[in-house]
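What follows is the residue order along each chain.
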Amino acid sequence: MIYAVAMSGGVDSSVAAYLLKEQGHQVIGFTMYHFDDTAEPFKRHSISRAIDDARTVCQKLEIEHFTIDLKAEFNHLIIKDFLTQYQNGYTPNPCTLCNPTIKWGLFPEKISQIIQEKYHGQPFLMATGHYARKITIDGKSALIRPLDKKKDQTYMLWRLSQHQLAQTIFPLMDFTKEQIRILAQKAGVPVAEKKDSQDICFIDDDYTKFLLHFISSDTGDMIYHDGSKIGVHKGLIYYTIGQRKGLVPWSKPLYVLKIDAVKNQLVVTDDLSRLESKYFRINQVNLIRENILHHSDDLTVKIRYNSPEEEIAGLTYDNEGLYVELKRSVKSITPGQSAVFYRKDELVGGGIIQSID
């Protein structure tokens, strides 16, 4: 069995490769080149550095390393969708789409081709440096929170399929981040002190600069929640639900209540209660082990990556997707973000927030 390690050049995937090598497995490192980091407006030199770091780690571990070019595919599947979602007034999380389509989709397909050609088609499993735990329940793969709850990355994996999980292992599932750092230092892994990557991999801090490179964003009416025009917005891509900065002067703080891409209107409010809701609808639902969510008694949901889990009062399927009712009102539920369901420590699945009631 070959263990193909998806190596980002960071400490986590590097230690994943180190652990598997120490266990006596045949390990090969693979790194994606998935966007052109030599050109604006992409994050400059980030992929090149990642490839260099991954290659250096593989040399240290005395394992082979391959780079796989997925720039065209990433642009077609991820970048185009990212831009389209913003044009439609949504705030997307491209990582949750990249995982099933690129990282666990085209990437392992390319890995398979290399193994077929160079290693006579030996069977392989893909290993990643994600902090997640995989176990088997009733003959199916289940995703469980890792030992290190602070580094839990299961939220981003809600779109994975049974087939994709069956081909994957998570060597870091029983470690904390602190333990991984110590392991890397003791093993002399070259990236032991490298900082963790933050936010979206292909964008520097300025999201609007990235978006404006590809799409136009016209000014339009800024509408108070009663329907009256109170100003002009500078372009819808500059705003997200709940945002306070960048709005017109007002007697009280204003917040973004709704982004209406069809009318090119930004709806704002000074009434914080209007930002709260118990109800929202999701589509593109994917469940890891189950065919349908029959009841909500023991389920919780996260409406964004860093949000607390919310208890669910009810779930209703209809022609437009899944309608979710929470037990309490929460602020700034945002269309385009992922709503991800848990049953205790198990990742049940999720969907994309479409609308708020």
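Residues numbered from 1 in each chain as written. Predicted model: local features only at pLDDT ≥ 70, side-chain atom pairs only at ≥ 80, totals over all residues. Heavy atoms only, no water.

Peer 1: What exactly am I supposed to notice about the sheet that holds strand β10 (residues 255-260) here?
Peer 2: Across a sheet, paired strands are connected by hydrogen bonds in the backbone, their directions being either parallel or antiparallel. With mixed pairing, 4 strands are arranged side by side in an open sheet as β9-β8-β11-β10. In this open sheet, the two edge strands, each paired with only one partner strand, are β9 (229-233) and β10. Between one strand axis and the next, the sheet turns through 30 degrees on average, direction left out of account. Note: strand β8 (residues 220-224) against β9, 4 bridges, orientation antiparallel. If you follow Met222 over to β9, its bridge partner there is Gly231. (Pairing = 2+ DSSP bridges. Helix = DSSP H or I, 4+ residues; strand = E, 2+ residues; numbered from the N terminus. Axes fitted to C-alpha atoms, helices over the stretch in contact; angles between N-to-C directions.)

Peer 1: What exactly am I supposed to notice about the packing of aromatic side chains here?
Peer 2: The relation between two aromatic rings is expressed through the spacing of the ring centres and the mutual angle of the planes. In the structure shown here, the tally under the stated rule is 15 aromatic pairs. Ring geometry for Tyr224 versus Trp250: centroids 5.2 Å apart, planes at 35 degrees, classification tilted. Note that Tyr224 is positioned in strand β8 and Trp250 in the loop between β9 and β10, a separation of 26 residues in sequence. Look at Trp250 and you get partly exposed, because its relative accessible area is 36%. Here the guanidinium or amino end of Lys71 rests over the ring plane of Tyr33, the centre of that ring lying 4.4 Å away. Over the face of the ring belonging to Tyr342 we find Arg145, whose NZ or CZ atom lies 4.0 Å from the ring centre. (Phe/Tyr/Trp six-rings, centres within 6.5 Å; stacked < 30°, edge-to-face > 60°. Buried < 20%, exposed > 50% of the residue type's maximum accessible area, 1.4 Å probe, protein only. Lys NZ or Arg CZ within 6 Å of the ring centre and 35° of its normal.)

Peer 1: Where do I start with the sheet that holds strand β3 (residues 64-69) in this structure?
Peer 2: One open sheet accounts for 5 strands, arranged β3-β2-β1-β4-β7; its pairing is parallel. Two strands lie at the open edges of the sheet, namely β3 and β7 (168-169), each paired on one side alone. In this sheet, β3 lies alongside strand β2 (residues 26-33) in parallel orientation, the contact comprising 6 bridges. Along β3, the bridge assignment pairs Thr31 with Thr67. Where helix α1 (residues 11-22) meets the sheet, its contacts fall on β1 (2-6), β2, β4 (124-127) and β7, and the angle it forms with β1 comes to roughly 165 degrees. Strands β1, β2, β3, β4 and β7 of the sheet are contacted by helix α4 (residues 94-118), whose axis makes an angle of about 140 degrees with β4. (Contact = heavy atoms within 4.5 Å.)

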